[in-house]
Amino acid sequence: NVNGRTESLKDFQGQVLLVNNWATWCPPCKAEMPTLEKYYETYAAQGFNIIAIESGEGKDEVVQFVNSFKLQFSVWLDPDGASLNAFKNGNLPNSYVIDRTGTVRYAWTGEVSFAMLEKFVTPLIKESN
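Summarised in this report is the structure supplied together with it. Please read these numbers as outputs of a predicted model, since none were measured by experiment.

With respect to the nonpolar core
Working step 1: The biggest cluster of nonpolar side chains holds 30 residues, and the ones touching the most others in it are Phe48, Phe73, Val75 and Val121.
Working step 2: Considering each element in turn, this core owes the most residues, six residues, to helix α1 (residues 27–43).
Working step 3: With near-sequence residues (within four places) excluded, Val121 lies in contact with Val16, Tyr39, Phe48, Val97, Trp108 and Met116.
Working step 4: Counting seven residues, the second-largest nonpolar core is a separate cluster that includes Leu17, Val19, Ile53 and Trp76.

Here we look at the pattern of salt bridges
Working step 1: As enumerated under the stated definition, the model contains two salt bridges in all.
Working step 2: One salt bridge connects Asp99 with Arg105, and the closest N-O pair in it is separated by 2.9 Å.
Working step 3: Using a relative accessible area of 8% as the deciding quantity, one classes Asp99 as buried.
Working step 4: Taking the shortest distance from any N to any O, the salt bridge between Glu127 and Arg105 comes out at 4.0 Å. Here Glu127 is found in helix α4 (residues 114–127), whereas its partner Arg105 is found in strand β5 (residues 104–109), with 22 residues between them in sequence.
Working step 5: Classification of Glu127 by relative accessible area gives exposed; the value is 51%.
Working step 6: Connected through shared salt-bridge partners, Asp99, Arg105 and Glu127 make up one network.

Some words on the pairing of strand β2 (residues 48–55)
Working step 1: Taken across its eight residues, β2 has eight buried, putting it largely inside the fold.
Working step 2: Side chains Phe48, Ile50, Ala52 and Glu54 project from β2 onto one buried face, and the interleaved Asn49, Ile51, Ile53 and Ser55 project onto a second face that is buried too.
Working step 3: Crossover strand β1 (residues 16–22) to β2 through α1 is right-handed.
Working step 4: Of the pairings in the sheet, the one linking β2 to strand β3 (residues 74–78) comprises five bridges and is parallel in character. Considered in β3, the bridge of Glu54 is made with Leu77.

A short note on the pairing of β3
Working step 1: With four of five residues buried, β3 is to be regarded as a mostly interior element.
Working step 2: In this region the chain leaves β2, passes through helix α2 (residues 59–69) and returns to the parallel neighbour β3; the handedness of that crossover is right-handed.

Structural notes on the packing of α1 against α4
Working step 1: Put simply, α1 and α4 touch, their axes get as near as 11 Å, and they point 30° apart. Judged on the interaxial angle alone, α4 and α1 are roughly parallel. In the packing of α1 onto α4, the handedness of the crossing is right-handed. In this structure, α1 uses Thr35, Leu36, Lys38, Tyr39, Thr42 and Tyr43 to contact α4, whose residues at the interface are Phe114, Leu117, Glu118, Val121, Thr122, Ile125 and Lys126.
Working step 2: When its residues are assigned to classes, the contact of α1 with α4 shows seven nonpolar, three polar and three charged.

A few points about the sheet that holds β2
Working step 1: A sheet is described by the order of its strands in space; here five strands give the open sequence β3-β2-β1-β4-β5, paired in mixed fashion. This sheet does not close on itself; its edge strands, each paired only once, are β3 and β5. Adjacent strand axes in the sheet meet at a mean angle of 15°, parallel and antiparallel pairs treated alike.
Working step 2: Sitting on the sheet, α2 is in contact with β1, β2 and β3, with an inclination near 155° to β3.

The rules behind the values
- Residues numbered from 1 in each chain as written.
- Predicted model: local features only at pLDDT ≥ 70, side-chain atom pairs only at ≥ 80, totals over all residues.
- Heavy atoms only, no water.
- Core = buried A, V, L, I, M, F, W, Y, C linked by side-chain atoms within 4.5 Å.
- Buried < 20%, exposed > 50% of the residue type's maximum accessible area, 1.4 Å probe, protein only.
- Helix = DSSP H or I, 4+ residues; strand = E, 2+ residues; numbered from the N terminus.
- Contact = heavy atoms within 4.5 Å.
- Salt bridge = Lys/Arg side-chain N within 4 Å of Asp/Glu carboxyl O.
- Right-handed = clockwise from strand over helix to strand, strands pointing away.
- Pairing = 2+ DSSP bridges.
- Axes fitted to C-alpha atoms, helices over the stretch in contact; angles between N-to-C directions.
- Parallel < 35°, antiparallel > 145°, perpendicular 65-115°, else oblique.
- Left-handed = near helix turned anticlockwise from the far one by under 90°.
- Nonpolar A, V, L, I, M, F, W, Y, C, P; charged D, E, K, R; others polar.

Keep in mind that these numbers describe shape and distance, not what the molecule does.
This is the structure in structure tokens:
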């Protein structure tokens, strides 16, 4: 991650997780970051987390972006695009919602809104909380 620690999806077992592939240069990615941060701040204490996987930029650029948006959730570096290849989706941003059992429940391509997150993700958070 941007803090130099190795993390894995297994580290987040039992949580509702939003995995977001994005890039610093991507306008809709930039546009959704404040929404993701606000949603994270609202629901983190209830077992929700975000892993934002930056596609292609170096650590310095990503850290600068994270600091400028004051992001508190996990941001991973993916300089070779392995995550985009794993999800077989090169369109940015793209997001995947994983429930507490590890099942992918939703997949979205494009900017997510707070209303979308409230409609689809909040019930998953409250389901087992």
